[in-house]
Amino acid sequence: MIRNIAIVGFGLAGASAARSLRGQGYDGRIHLFGEEPVLAYDRPSLSKSVLAGVAAEPPPLLDAGWYTAAGVDVHSGERVQQINPAQRRLLLPSGASLSYDRLLLATGARARTLSLPGATLDGVLTLRDQADSSNLRGRLGPGVSLSIVGGGLIGCEVATTARKAGAEVRILESADELLLRVLGRRVGAWCRERLEALGVVVQRNTRISAFEGKGGRVRAVAFADGERVTADVVLVSIGAEPDTALAQDAGLTCARGVPVDATGLSACPDLFVAGDAACWPLRDGGQRSLETYLNSQAQAATAAAAMLGRAEPSPQVPRAWTEIAGHRIQTIGDFDGPGDWLLRGDAEHGSPLLMLRVQSDAVAAALSVDATKDFATVTRLVEARTRVTLPELRDPAFNLRDFLRARPAAGAS
Amino acid sequence: MAFVRVCGRSDVAEGEALKLEQFPIPLALFNVDGEFFATQDRCTHGEWSLSDGYLDGDVVECSLHMGKFCVRTGKVRSAPANGALQTFAVRVEGDAVFVDFDAAAVTP
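Please read these numbers as outputs of a predicted model, since none were measured by experiment.

Caption draft 1: Broad picture of the domain arrangement of chain A. According to the domain assignment, chain A contains domain 1 (4-44 + 58-110 + 241-307), domain 2 (113-236) and domain 3 (337-404). Taking the mean C-alpha position of each, domain 1 of chain A and domain 3 of chain A sit 35 Å from one another.

Take a look at the structure:
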């Protein structure tokens, strides 16, 4: 009989798991531990509306009243010190311990940092939580020079927002194009051009050697070739590392996330992991930490069910969205992979655009730029592995929605 | 209490939606297998138009962040959406569809 479930980590995965547990009729105790002193909130807004000051605070994922009504014991601002899977106990900061029947680790990921001279200067920031976003927002404004190290999703989102706030924005990217890993070269280059049109300076192939400061505050970024640019603020946005400290201390082998099966179960019985901290199996092979909103949400629901003995394996198809230079970009599946890419839409202007990776008469991955409605249809083709051919998809008159309706789930799998 | 003609029945195909812009806030009119429902058009989660969403039965999925709502009741069916939609009374007479904006009291 499961009467005590502990959830460590109070972000999207933790909150979603709590909601799923109650949604599935579990009426035992739920202890929800989070390091931040607030209730779970919408993290994507930290680089967008909250950073822009349009919203004072990120929207809560669930209203405060929900936790009370659902009888969830919320421990905000309490960092769990240790987990002991053999005895099924947590060690709390107070020194007290807590027994559980099932444990979900939903500790998320931490911003990766650079170990360079000057990396600890005031004004060298990362962006991961609400405090980070407030800190950055307080420093932005007209004329402030912001150097963003890393031209990935967060870097490009912040560049958009900071530029709109009047800052002088520079993106420093070590690769020869922005967004290569997530969006590929074509859309990466297109986004760069859109950002440049907003007035963002993009420097590629950069090798940063140090951050230079005066009076403890950052003043410039120095490059290996001896060049330097002035910077009042530096944002280091070079990716995230799954936070697996508790699992590792407990003896679990981790590799960019805690390896779990497709129900979220780790190598320890009764210990589940969901969200960015989980190295979760993918539908199309392999496993990794996905670091996306929708996948975290799905993993949390799956792990919650599995904790209650209702295991329904859910290998993931990566799904992400971003907003760059005023454009809505959405992806499903991995950009890198076998098959042929084809383009639908306005390829000349780059928007609206739908890119599809077609393999073995099915859409394996898709990327949309401002084509949200078609993308909604395509995600269903990808998920159902609906059989569809390249010539069909190449035909501009071929209506994806009508096709899907006429042949629901006519796919493999 | 005023029902206003917004379109003909055939202007919205089954499984589709129409954005209505003649009211103080934009509404979305959904055709669920021949039944019509009206809700606020703006998603309660992000700044996006639900008439641009994907309608599956009586559930619309916002095409921006994939939150889901029941268009019959306005209730949230899937996160990231958190707040319910306002819904509006709809009447079909003959070939015409009418919406009552003022009686926005149909909130679930």
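Caption draft 2: Representation of the side chain of B:S49. All names here are of chain B. Inspection of the secondary structure puts S49 in the loop between strand 4 (35-40) and strand 5 (54-56). The class for S49 is buried, based on a relative accessible area of 17%. Polar contacts involving the side chain of S49 include one to the side chain of D41, which spans 2.4 Å. At a separation of 3.0 Å, a polar atom in the side chain of S49 contacts the side chain of S51.

Caption draft 3: Molecular detail of the interface of chain B and chain A. Chain B puts 21 residues into the contact, and the matching count from chain A is 23 residues. Together chain B and chain A conceal approximately 1900 Å² of surface at their shared face, both sides included; 43% is due to carbon and sulfur atoms. On the chain B side of the contact with chain A, B:Y54, B:M66 and B:N82 bury the most area, a combined 33% of that side's loss. Taken together, chain B and chain A are joined by three salt bridges.

Caption draft 4: Seen up close, the confidence of the model for chain B. Averaged over every residue, the pLDDT of chain B is 90; residues scoring 70 or more account for 94%. In the model output, the complex is listed with pTM 0.92 alongside ipTM 0.81.

Caption draft 5: Spatial organisation of unusual backbone geometry. Along the chain, A:S351 connects to A:P352 via a cis peptide bond; the corresponding omega equals -5 degrees. With respect to the element layout, A:P352 can be found in the loop between strand 24 (340-345) and strand 25 (353-359). The omega torsion of the bond from B:A79 to B:P80 falls at 10 degrees, within 30 degrees of zero and hence cis. Here B:P80 shows up in the loop between strand 8 (76-78) and strand 9 (87-93). The phi dihedral of B:D33 is positive, around 50 degrees, even though this residue is not glycine. Along the chain, the position of B:D33 falls in the loop between strand 3 (27-32) and strand 4. The class of B:D33 is exposed, set by a relative accessible area of 62%.

Caption draft 6: Seen up close, the state of the cysteines. Summed over all chains, the structure comprises zero disulfides over all chains. A:C254 takes part in no disulfide bond, and the closest cysteine sulfur to it belongs to A:C279, at a distance of 9.2 Å. Unpaired in this structure, B:C62 has its nearest cysteine sulfur neighbour in B:C43, at a distance of 4.0 Å.

Caption draft 7: Local environment of the sheet that holds strand 4 of chain B. Residue and element names in this part refer to chain B. Here six strands make up an open sheet; going across it, the order is 1-10-9-4-3-2 and the pairing antiparallel. Here the strands that pair on one side only, and so sit at the sheet edges, are strand 1 (3-8) and strand 2 (17-20). Taken pair by pair, the neighbouring strands of this sheet meet at an average axis angle of 30 degrees, ignoring direction. Two elements, strand 3 and strand 4, share six bridges in a ladder whose sense is antiparallel. Across the sheet, the residue bridging to N31 is F36, located in strand 4.

What counts and how
- Residues numbered from 1 in each chain as written.
- Chains lettered and ligands numbered in written order.
- Predicted model: local features only at pLDDT ≥ 70, side-chain atom pairs only at ≥ 80, totals over all residues.
- Heavy atoms only, no water.
- Domains from an automatic or database assignment.
- Helix = DSSP H or I, 4+ residues; strand = E, 2+ residues; numbered from the N terminus.
- Buried < 20%, exposed > 50% of the residue type's maximum accessible area, 1.4 Å probe, protein only.
- Polar contact = N/O pair within 3.5 Å; in protein donor to acceptor, adjacent residues only side chain to side chain.
- Contact = heavy atoms within 4.5 Å.
- Buried area = accessible area lost by both parts, 1.4 Å probe.
- Salt bridge = Lys/Arg side-chain N within 4 Å of Asp/Glu carboxyl O.
- pLDDT = per-residue confidence, 0-100.
- Disulfide = S-S within 2.5 Å.
- Pairing = 2+ DSSP bridges.
- Axes fitted to C-alpha atoms, helices over the stretch in contact; angles between N-to-C directions.

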